[in-house]
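The residues making up each chain are set out below.
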Amino acid sequence: MKKAPPLHPDVVNFNHIAYKVPNIDTFIKDHQALVLNERMTVDEHLDIAFVKVDGTVIELMEIK
């Protein structure tokens, strides 16, 4: 099994909210989000990424 990359310290040390989005890349571009952890594939149905927008850590979830 492939090991997941380490999570950014802000993801580990601060609360975050999760949003289901149609497209992770579009959300990042449209909201000028700071990427904390790049897109990761959880399984064949889900990709996630961690970003920061206006000081808030957000987990983006894209259902495939």
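Refer to the structure presented above.
In this text the structure is predicted, and so the values were computed from the model without any measurement. (Residues numbered from 1 in each chain as written. Predicted model: local features only at pLDDT ≥ 70, side-chain atom pairs only at ≥ 80, totals over all residues. Heavy atoms only, no water.)

Draft legend 1. Structural context of the overall build of the protein. Counting secondary structure elements, the protein contains two helices and four strands. When the helices and strands of the protein are placed in sequence order, the string is α-β-α-β-β-β. Counting only C-alpha atoms and orienting by the principal axes, one finds that the protein spans roughly 35 × 25 × 15 Å. Across the 64 residues that make up the protein, the buried fraction comes to 34%. Contacts in the protein between residues far apart in sequence, at least 24 positions, make up 43% of those at least 6 positions apart. For the protein, the exposed area adds up to about 4,700 Å²; of that, 55% sits on carbon and sulfur atoms. The distance from the centre of the 7 positive side-chain charges to the centre of the 10 negative ones in the protein is 3 Å. (Helix = DSSP H or I, 4+ residues; strand = E, 2+ residues; numbered from the N terminus. Buried < 20%, exposed > 50% of the residue type's maximum accessible area, 1.4 Å probe, protein only. Contact = heavy atoms within 4.5 Å. Areas by Shrake-Rupley, 256 points an atom, 1.4 Å probe, with all protein chains shown as cover. Lys, Arg positive; Asp, Glu negative; His and termini not counted. Charge placed at Lys NZ, Arg CZ, Asp CG, Glu CD.)

Draft legend 2. Seen up close, the sheet that holds strand β2 (residues 34-43). Taken in spatial order, the four strands make up an open sheet running β1-β4-β3-β2, and their pairing is mixed. A strand with exactly one partner marks an edge of an open sheet, and here the two such strands are β1 (17-20) and β2. Each strand of the sheet is rotated relative to its neighbour by a mean of 20°, with strand direction disregarded. Looking at chain direction, β2 and strand β3 (residues 46-53) are connected through six bridges and run antiparallel. Residue V35 lies in a different strand from β3, and its bridge partner there is V51. (Pairing = 2+ DSSP bridges. Axes fitted to C-alpha atoms, helices over the stretch in contact; angles between N-to-C directions.)

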